[in-house]
Structures are given as C-alpha cells and as structure tokens.
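Close look at the chain arrangement
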Amino acid sequence: MRKMTKVNNLKRLFIIGLLVCTLLLGFILLSLICIISLPFIYDQIYGEKIIENTIIEVIGNESNPNEIALRVYLWEKSYFKSPYDYYSNTPKFLRKFGIYKIDGEYKVFIRHAPVSWIIHSRLANCEEYSRVFVYLLNKKGIKARFVHAPGEDHAWAEYYYNGIKIVFDPSNDGPVENTKKFAEGKHWSYVESVNIFNLNDRIDVSDEYIERGKLIVNVTKNGNALKDVTVIIYSTYLMKKDPKRYPAPRKVIWKVSNEKGIAEFYLGENEYVVDVQKCYLGIVCLKVQKDAKVSVDSDAVLHVDFSEARISTGPFFWVFIAAVCLITLLLVQKKIHNKGRNKI
C-alpha cells in the first residue's frame, strides 16, 4: 500500500512538474508572439493614416526629390530618439527583450517593425532611420532603396534623381559624396542594396564602397564533396571592438554549397567565423564552425570536413519542446481521466 502511495505521489509530482514546464514555456512563447505581433497589428489598423499624416506634415506638396530627401532627413533628426543612447541606463536583462529606460520611462524597441510603428514609437537607430526615409520617398514616387552592411550593423539609403543614384545616410550626415571615403575605417564585410517592398530584390553593391578578397569554402565528408549544405559567414569585427554591445559575431551572408561542395564569397578584409550546417525541420542541426581570414585581392581557401559536425539546436527547437510537453501533459491527463472513469 505504501509502495502504491509512493508511486502515485511520484506521478503527481511528474504531472505538476510537466504542467509548470509547459505553462512557463507557453508563457514565454506567448509573450514573445504578443511583442512581435503588436507592431504588425498596429500597422494593419493605423498604418495608412500614420503614413498619410506624416507625408502631409513632413513633405507637403514638395516634388523635388532632393528637397524631399532633405525634409525627411531634418524631420527624422528632430523626431527620433536612439534607444542605444540609453544603453547604460537600462539593466542588461531588459535590453535582451528590447526594453530601454528612456527619460524615466521603459519603452519597447522592436527591430524590423513596420514603418508606421517606427513612427509611432519614435525610437530609431540607423536601420529604422533608413527604412522610414526609403519608405516615404517611395510613397512620393521617388525610387529609393535600403542599403546596409549587415556584418557591421550600419544602414543607409540610396535614391534616384534624373537617373542618377544619390547615396544618403539619414542617421548621420545626410548626402554621401564619396562612397569609398564614406566606408573608410568601418571594416565593412559586405554591402547590399535592398528593395524594402520586395526583400528578394537584393543587389550586391560592395564594390562601390570597399575592396574585397575571395573566400572559398570547400565542404567534404569522408573525402567526398558535400552539396546542399548551408554556409553562413559571420563578421567578428564588432564583437572584438565592442564586446559588451556585440557579444557574438554578426551574420553577413549565406550560401548553399554546390555539387562540388563549394561556396564562394567576396568579402571585405576581416576575420570571420564560418558556420557550415545542415538542419532538420529547424529542430536539430549538424554544425561545424571554423575561423577564416580574408585579405584584399587574394583568395583564401577553407576546407571543412563535415564528418566533424556536432549536434546543435535549430531555430524551432524550443517550440518543439513546448509542443512535446503540452502533448505529453494532455496524454497523461487523458490517461488519468480514463482510469478514474474505469474505477467508477
């Protein structure tokens, strides 16, 4: 009898632990979903009105592209606050969730949010400045594109006037006359121009800004070329320069190895971390990580033996764990309920 009671107690503890685990994971996931989805819900409800009012207030009836660019630039400078200016005022654990203490109030800064939300929140760094700038110019019929160096965390814009490309940095000094000089000392790895209305429309414009070298990643397994493996390049520059703000290398670009197991990259002179990985349903990945260095006008070859790959978690690992916990809990509860009915 005591043995049965002990077993039943253990079962109850297991169910309670499983329930707590499921509720905790569910709460975290639900909170993240709410935070991430809020700007998009706001955009659906108020987006058009926010953009329309901003264009009327900032641009008015102006039609000259250069004058419009200048007006948007000056408005952004006076309108937005950078959350990173309040970096030291905010506890580290809050910064991880994009929460910053600004002028005595805690505000949520959400990256990659719709333009209407950026305008509503009044919080912006270089990416948000550039996206708002590009969006408003396009709304006035001016062809404009978002430009960034993803590995070194800077973004700016370009627009066209009478067929001439004009480079513009809304978060800093505005018009850029010399792109090579603009890039000096910034150690950019790769620069691309993006159509914000079609994210598949991306153009490599690195040669307008930087000198590059070539990195050839050769992936094999047991001596045989391995195709269809994802090769991701990360820049270590900011991590070494400012480890508190950038504790990990930043993603630059990725490609898939070809039939010969080769993935080629043209990159600025920097030190890089190369992740070679193959993921299964986004839950579990096999991964090999190597260091590489690229110099201008030279070829660097990195040999990767995928037989050295180790298991790591994929982007959907914790979603999968939460689902397993929930299903297990439901099955256990169903079993207990059935046992109770059988006793009756």
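Report follows, based on the coordinates. (Residues numbered from 1 in each chain as written. Predicted model: local features only at pLDDT ≥ 70, side-chain atom pairs only at ≥ 80, totals over all residues. Heavy atoms only, no water.)

1. Brief notes about the nonpolar core
If you look at the biggest cluster of nonpolar residues, it comprises 31 residues, and the most contacted ones within it are Phe133 and Leu137. Elements supplying a minimum of two residues to this core: α1 (2-58), α2 (65-79), α4 (115-121), α5 (126-139), β3 (144-149) and β4 (154-161). Sequence-distant contacts of Phe133, that is, excluding residues within four places in its chain, are made with Ala69, Val72, Glu76, Ala157, Tyr159, Phe168 and Pro170. (Core = buried A, V, L, I, M, F, W, Y, C linked by side-chain atoms within 4.5 Å. Buried < 20%, exposed > 50% of the residue type's maximum accessible area, 1.4 Å probe, protein only. Helix = DSSP H or I, 4+ residues; strand = E, 2+ residues; numbered from the N terminus. Contact = heavy atoms within 4.5 Å.)

2. Quick notes on the packing of aromatic side chains
Aromatic ring pairs: the centre-centre distance and the angle between the two ring planes describe each pair. Enumeration over the complete set of coordinates arrives at 20 aromatic pairs. Taking the centre distance of 5.6 Å and the plane angle of 65° together, the rings of Trp75 and Phe80 count as edge-to-face. You'll find Trp75 and Phe80 in the same group, each marked buried. Here the aromatic rings of Phe182 and Trp188 are separated by 5.5 Å at their centres, their planes lie at 70°, and the arrangement is edge-to-face. The pair Phe182 / Trp188 is uniform in exposure class, with both members buried. Among the aromatic side chains, those forming a connected cluster through ring pairs are Tyr73, Phe133, Tyr159 and Phe168. (Phe/Tyr/Trp six-rings, centres within 6.5 Å; stacked < 30°, edge-to-face > 60°.)

3. Quick word on the environment of Glu127
Along the polypeptide, Glu127 turns up in helix α5. In the structure, Glu127 is positioned 29 residues away from Trp156 in sequence and 7.1 Å away in space, judged by C-alpha atoms. With residues up to four places along the chain from it excluded, the contact list for Glu127 reads Arg111, His112, Phe146 and Ala155. Within the structure, the side chain of Glu127 is placed 3.2 Å from the side chain of Arg111, a separation counted as a polar contact. (Polar contact = N/O pair within 3.5 Å; in protein donor to acceptor, adjacent residues only side chain to side chain.)

4. Remarks on the pairing of strand β11 (residues 230-235)
Most of β11 is tucked away: 5 of the 6 residues are buried. In this sheet, strand β12 (residues 250-256) lies alongside β11 in antiparallel orientation, the contact comprising 6 bridges. The residue bridging Ile233 from the neighbouring strand is Ile253, located in β12. (Pairing = 2+ DSSP bridges.)

5. A look at the environment of Glu259
If you trace the backbone, Glu259 turns up in the loop between β12 and β13 (262-268). When its relative accessible area of 67% is taken as the criterion, Glu259 is described as exposed. Along the sequence, Glu259 and Asp228 sit 31 residues apart, while their C-alpha atoms lie 7.7 Å from each other. Not counting the four nearest positions on each side in its chain, Glu259 is found in contact with Ala225 and Lys227.

6. Things to note about the pattern of salt bridges
Evaluated as defined, the whole model comprises 18 salt bridges. Lys165 is paired through a salt bridge with Glu208; the nearest N and O atoms lie 3.0 Å apart. Taken together, the positions of Lys165 in strand β5 (residues 164-169) and Glu208 in the loop between β8 (198-204) and β9 (212-221) put the pair 43 residues apart, joining distant regions of the chain. Since its relative accessible area comes to 27%, Lys165 is described here as partly exposed. Note on Glu208: relative accessible area 31%, which makes it partly exposed. Residues Lys287 and Asp275 are paired through a salt bridge, measuring 3.8 Å at the closest nitrogen-oxygen approach. On the criterion of sequence distance, the pair formed by Lys287 in strand β15 (residues 284-294) and Asp275 in strand β14 (residues 270-280) is long-range, its members being 12 residues apart. Lys287 gets classed as partly exposed once you look at its relative accessible area, which sits at 28%. Ionic contacts of the salt-bridge type, sharing partners, join the residues Arg145, Glu158, Lys165, Asp201 and Glu208 into one network. (Salt bridge = Lys/Arg side-chain N within 4 Å of Asp/Glu carboxyl O.)

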